[in-house]
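What the coordinates show
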Amino acid sequence: MKSSQGAQRKQPSPKGTYQQAGAVNPQGPVGEPSAPSARSKAESHEAPDTRLLEQMLERENLLKALKRIEKKRKAAPGVDGMTVSDLRPYLETNWQGVREDIVAGTYEPAPVRRVEIPKPGGQGTRLLGIPRVLDRFLQVAMLQVLMPLFEPHFSDESYGFRPGRSQHDAVRRAQSYIQEGYGFVVDLDLEKFFDRVNHDMLMAKVARRVPDPRILRLIRRYLESGVMISGVVVETEEGTPQGGPLSPFLSNIMLDDLDKELGRRGHKFVRYADDCNIYVRTRRAGERVMQSTVQFLEGTLKLRVNREKSAVDRPSKRKFLGFSFLRRKGETLVRVAPKSLKRVEAAIREITSRRRGVSLGSRIAALNEKLKGWVDYFALADTRTPFERLDQWLRRRLRMCLWKQWKKGRTRYCELRKLGLKEDAARQIVATRNGYWRTAKTPQVHQALGNAYWAAQGLINVASRYQERRRVFRTAGCGPA
C-alpha cells in the first residue's frame, strides 16, 4: 500500500449519495415499477455467462441480495455511515442512478473503512476493511451470479465460504485422514494473506471463467477502491480487504491453484480459506511436502508463508479451526484445542472480574451471549470433560463475584440464610478469613449457591448445552456413531 500523494482523495460516489438523496423514481430491487430486463429478444440466444452484468442487475437477483444483507442488521456501517436499515429506503430513491452508473461503467466503489481487531491470543491485530452497505449489497448480487461459474470447479478439499460446507465438515475430513494413519500434519500459515494477494494474478484467475469484461472491471475497482485511515484514503495495490462479501470468494479463487497442485500430487489435505493442513504418514515426508509447498506458494502464487507459525507435527499438537485431535484406543477423537479453551477462559475472566461494578444479571447476560455460540460451535468435540470443568469453574467465578458484592458480614449471613443455609454453617463461613476465590469453593457457599440457584438466575449450563448439541449432530449424521 502507498499513500495517494499524501493527500486526501475525494470519495467517489454514485449518483444520489446517502447524504444527498436524489429525486429519482424508485426502480430496481424495491418499489414499482421494476426495471425492465436489460436482455432484449435479439440477445436472448447468447450464452448466459456472457451477460453476467445483466444477470447481476435482474430484479430477482437484487431482491435476494437485499434480503441477505438485511439479515445482518447489526453489521457495522462503512465510511458513509449508512446502516443496513437505511439501505432499502436509499435504494427506493436512488437505485436508478446507481444502476445507470454500473451499466455505463462509471460506478466507483467507496473506500473501505479500516478496522483493527485483536488476533486470538493477543498476538498483534487483524486488519479488516468494512465496505459501505451499498457496496456490500452490490457485492452479494455479483457473488450470486459468479458463484455458479466457479463452485463446480473448486476442489472437494476446499471448505471455506462455500454453500453446503462448514468448518465442522473440514474438521471431520481431517479426522478421517488421521484415522486412516496419516499421523503427521503439515500446518501452513499464510502471512497476512488477505493483505498481500497480487491483483493482476488474481484477476487473471477470475478471467478464466468470467468472460464479461464489465464484471471484471467492477471487481478490479473493488480491489483498488482503497481504504480510509484516519480520514485519509490510502490506495490499495495488493490484497482483498477482509470484511466484505467478495473477499472470501476471491480467496478461494486465488488458492484454487494450490488445491489443484496438492491434488495432482496425491496429497491428503483440507483447506478452509487460508488455513491449509496437509496430512502425511511420517515426519520426514512432512518436511519434504512443507518445502515443496512453500516453494509453490511463494514462487508461483507470490504469497508469503509464515515460517514461525507453520510446522510439521502431530495433529494433537496443532490447532485447526479451533480444534485439535486426540488418539485414544486406536480411535481419533476431536477435542477443543487448548488455545481455544484459554481464549474462552480469558473472556470469562473479563466478564467475571471483581473490578467490574455490574449487577449479577448483567454478568449472566454477557456470559450467556458469549457461551451459547461458543458451545454450539465446539460441541463437535468428542470429549465432554472440558465442558464440565468449564461449567464448574464458571460458577465458582460467579460465586466469587457475589461474595464480594455482598461485602458486609451481616449481608452475607442474611443472604445465605435466605438461600436455605443453616444458621451454624452461615455463621461459620461469614467468619472466614479466606479470600474471595478460596471462599467461593467452600462447602457452605457451594451449597447455598449450587446449580439450582444459577439455573434460576438463567445462567447457561455449558455441559447440558453441549449434550443437547451433540444429539443434534448425531441426528444430522455429523457426530460419531
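If you're wondering where the values come from, they're calculated on a predicted model, not measured in any experiment. (Residues numbered from 1 in each chain as written. Predicted model: local features only at pLDDT ≥ 70, side-chain atom pairs only at ≥ 80, totals over all residues. Heavy atoms only, no water.)

1. Considerations on the nonpolar core
The biggest cluster of nonpolar side chains holds 70 residues, and the ones touching the most others in it are Met 56, Phe 137, Leu 138, Ile 219 and Phe 249. It is helix H4 (residues 133–150) that provides the largest number of residues to this core, a total of 12 residues. Setting aside residues no more than four positions away along its own chain, Ile 219 makes contact with Met 142, Leu 146, Met 203, Val 206, Leu 246 and Leu 250. Among the nonpolar cores identified, the runner-up in size contains 57 residues, and Val 270, Leu 394, Trp 406 and Tyr 466 belong to it. (Core = buried A, V, L, I, M, F, W, Y, C linked by side-chain atoms within 4.5 Å. Buried < 20%, exposed > 50% of the residue type's maximum accessible area, 1.4 Å probe, protein only. Helix = DSSP H or I, 4+ residues; strand = E, 2+ residues; numbered from the N terminus. Contact = heavy atoms within 4.5 Å.)

2. Some points on the packing of aromatic side chains
Within the structure shown, the criterion is met by 13 aromatic pairs. On the numbers, 4.8 Å between centres and 85° between planes, the contact of Tyr 377 with Phe 378 is edge-to-face. With a relative accessible area of 7%, Phe 378 lands in the buried category. For the ring pair Trp 403 and Trp 406, a centre distance of 6.2 Å and an interplane angle of 65° mean the geometry is edge-to-face. Remark: Trp 406 and Trp 403 occur in helix H12 (residues 385–406); sequence separation between them is three residues, near one turn of the helix. Take Trp 406: its relative accessible area is 9%, and that puts it in the buried class. Put simply, the rings of Phe 323, Trp 374, Tyr 377, Phe 378, Phe 387 and Tyr 466 pair up and form one aromatic cluster. The ring of Tyr 159 has Arg 165 lying over it, and the distance from NZ or CZ to the ring centre is 4.8 Å. (Phe/Tyr/Trp six-rings, centres within 6.5 Å; stacked < 30°, edge-to-face > 60°. Lys NZ or Arg CZ within 6 Å of the ring centre and 35° of its normal.)

3. Quick look at the packing of helix H3 (residues 84–104) against H4
Between H3 and H4, the shortest axis-to-axis distance is 10 Å and the interhelical angle comes to 65°. The orientation of H3 relative to H4 falls into the category roughly perpendicular. Of the two possible hands of crossing, H3 and H4 adopt the one that is right-handed. In this structure, H3 contributes Val 84, Leu 87, Tyr 90, Leu 91, Trp 95, Val 98 and Ile 102 to the contact, and H4 contributes Val 133, Leu 134, Arg 136, Phe 137 and Leu 138. Of the residues in the contact of H3 with H4, the class split is 11 nonpolar, no polar and one charged. (Axes fitted to C-alpha atoms, helices over the stretch in contact; angles between N-to-C directions. Parallel < 35°, antiparallel > 145°, perpendicular 65-115°, else oblique. Left-handed = near helix turned anticlockwise from the far one by under 90°. Nonpolar A, V, L, I, M, F, W, Y, C, P; charged D, E, K, R; others polar.)

4. Quick word on the pattern of salt bridges
Evaluation of the coordinates by the stated rule reveals 28 salt bridges. Arg 51 is paired through a salt bridge with Glu 54; the nearest N and O atoms lie 3.1 Å apart. Exposure remark for Glu 54: the relative accessible area of 11% places this residue in the buried category. Salt-bridge contacts for Asp 382 lead to Arg 470; the nearest nitrogen and oxygen are separated by 3.1 Å. Residue Asp 382 is found in the loop between helix H11 (360–378) and H12, and its partner Arg 470 is found in helix H18 (residues 462–476); the two are separated by 88 residues along the sequence. (Salt bridge = Lys/Arg side-chain N within 4 Å of Asp/Glu carboxyl O.)

5. Structural notes on the pairing of strand S8 (residues 275–280)
Taken across its six residues, S8 has five buried, putting it largely inside the fold. Strand direction decides the pairing type here: strand S4 (residues 184–189) and S8, joined by six bridges, are antiparallel. Residue pairing for S8: Asp 189 is matched across the bridge by Asp 275. Pairing between strand S7 (residues 268–272) and S8: five bridges, direction antiparallel. Bridge pairing in S8 places Phe 269 opposite Ile 278. Between the antiparallel neighbours S7 and S8 lie two residues, among them Ala 273 with a positive phi of about 55°. (Pairing = 2+ DSSP bridges.)

6. Some remarks on the environment of Arg 214
Topologically, Arg 214 is positioned in helix H7 (residues 213–223). Judged by its relative accessible area of 22%, Arg 214 falls in the partly exposed class. Each C-alpha atom of the pair Arg 214 and Leu 52 lies 8.4 Å from the other, and the pair is 162 residues apart in sequence. Within polar-contact distance, the side chain of Arg 214 engages the side chain of Asp 212 at 2.9 Å. (Polar contact = N/O pair within 3.5 Å; in protein donor to acceptor, adjacent residues only side chain to side chain.)

7. Notes on the side chain of Asp 187
Position of Asp 187 relative to the elements: it lies in strand S4. A relative accessible area of 10% places Asp 187 in the buried class. Once residues lying within four places of it in the same chain are set aside, the contact partners of Asp 187 are Cys 276, Asn 277, Met 290, Lys 309, Ser 310, Ala 311, Arg 318 and Lys 319.

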